Amino acid sequence: MQRQTPDRPLLFCILIAAVFLTMISIDRIAPAVLERDAYFYHPWEYMMGAFRYNIPRRSQTMEMEGYGDLANMLGVPDERVMRDFRWTNDRYGKRNALSTQHDDPAIVIVGDSFMASAADSDEASFVTQFQKKILGPVTGYAPSDMSVFLQDPRLKVHPPDIVLWGRVERNTLGSNGEIETLLKDTSCFSEVTRYERIEKSSKDFVKSIIGNFVEYAQLSLLRRTMQQSLKHGLFTLTGEHVRSVILIPGESMLFHDRGAALLSAPASARGYDHVVDAVAHVRDCLAERGTKLIFMPIPDKEHVYAARLEREMQSPDPLAVLDAMLAEKNIARVSLIDRFLAESTPGKDLLYWPDDTHWNARWLGV
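In this text, all values refer to a predicted model and were calculated from it rather than measured experimentally.

(A) The state of the cysteines, seen in detail. Considering all chains together, one arrives at 1 disulfide under this definition. Here Cys188 pairs with Cys285 through a disulfide, and the sulfurs are 2.1 Å apart. Since a negative S-S torsion denotes a left-handed disulfide, the Cys188-Cys285 link at about -90° is left-handed. With a gap of 97 residues between them, Cys188 in the loop between α7 (177-184) and α8 (194-218) and Cys285 in helix α11 (residues 272-287) connect regions that are remote in the sequence. For the pair formed by Cys188 and Cys285, the shared burial category is buried.

Structural data, given as structure tokens:
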């Protein structure tokens, strides 16, 4: 009787299929087993719901060891500045440590990821450190757009004495979507109908219900590992890396291409007239409720450390021009650029994290 030989091509196909099925199974089981910090480089993405329709988590704290956003984009482990994070969201989904969760604060901080201190832990966050300096109740309404803040019913019930609104330089342009939204408003957002509010809250409710399932579907340990490994491998073999990150040989700091590109734009090309009009509109809206606005343009890392990039800043300095334009409209403001430039000279401690686009807590001592 002749012995039947195995079908080798078939066995090979079965083996390959088994390997793929095993990898897929591990990748799908992993999110339910592993800690969340296996998927995130710092808490921002998880706590602010980057993979769940940007619906933030409420009344939660996340602790992990992480590093900066530029290092994550670059994918080169040697460029990471590892540090411990503790990130707390209050019951409204805004970043506030327990010490800054006030129902009736004197000062509210509004703004982008800089005002939320995306690269720092709770104890070093802008809001926490600012409260320590003024010795009064301060609460963060960040990260958030000003247009969202103006529509919040809490602003009518407990209007603060002061709102400090900070925007990073690259988002303080006339073409920015938030600036355009504010310019279109004619009623301080009071004409938002009850139906529109119910519609929005209903959509947010549905998103929050299915958000965890959507997030789970997007978490892939294999994809994340492969992406970082490929970036690192490409850099090791060729010296090439992602275009969004500027890496200068012999320089310890990483830079973002958006901030660097803006260095060549003079004040006249930045649409500052629209920015000033939008800020004046916000000031007037808040004044109707008895609240004073203070506006704070935040210099880009690339602006402050242009010399390290071997670039020249436009003259006159665009942020100085913006400050003068704000003064003409009698807008209360905080100008940081001169102090930051004075602290950017060699031998001074860095004002921004080397591996991140964001500032660190040191600037509060400037």
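(B) Structural view of a nonpolar patch on the surface. Residues Leu15, Val19, Met23, Leu222, Met226 and Leu230 make up a contiguous nonpolar surface patch of roughly 540 Å² in combined accessible area. At the level of secondary structure, the elements contributing two or more residues to the nonpolar patch comprise α1 (8-33) and α9 (221-238). With respect to the helices, strands and loops of the structure, Val19 is situated in helix α1. For Val19, a relative accessible area of 41% gives the class partly exposed.

(C) View of unusual backbone geometry. Note the cis peptide between Ala142 and Pro143, where omega equals 0°. Secondary-structure assignment places Pro143 in the loop between β4 (138-141) and α5 (146-150). That bond from Ser315 to Pro316 is cis: its omega, 0°, falls within 30 degrees of zero. At Tyr53, a position not held by glycine, the phi torsion is positive, near 65°. As for its placement among the helices and strands, Tyr53 is situated in the loop between α2 (44-47) and β1 (60-66). Although it is not a glycine, Leu135 adopts a positive phi angle of roughly 55°. For Leu135, a relative accessible area of 76% translates into the label exposed.

Criteria and thresholds
In this convention, every chain numbers its residues from 1, walking through the sequence in written order. Where totals are concerned, whole chains, interfaces and linings use all residues; where local detail is concerned, this predicted model gives features only for residues with pLDDT of at least 70, and gives and counts side-chain atom pairs only at 80 or more. Side-chain numbers come from the whole structure's heavy atoms, not from hydrogens or water. Only a pair of cysteine sulfur atoms within 2.5 Å qualifies as a disulfide here. Each helix is a run of DSSP H or I of at least 4 residues and each strand a run of E of at least 2, with the numbering of both proceeding from the N terminus. Classification of residues uses two cut-offs on accessible area relative to the type maximum, computed with a 1.4 Å probe and protein chains only: under 20% is buried, over 50% is exposed, and between them is partly exposed. Each patch is built from salt-bridge-free residues with over 30% relative accessible area, joining like charges within 9 Å and nonpolar side chains (Val, Leu, Ile, Met, Phe, Trp, Tyr) within 5 Å. For accessible areas, the Shrake-Rupley method is used with a probe of radius 1.4 Å. Any residue's cover is judged against the shown protein chains and nothing else. In the sections that follow, a salt bridge refers to a side-chain nitrogen of Lys or Arg positioned within 4 Å of a carboxyl oxygen of Asp or Glu.

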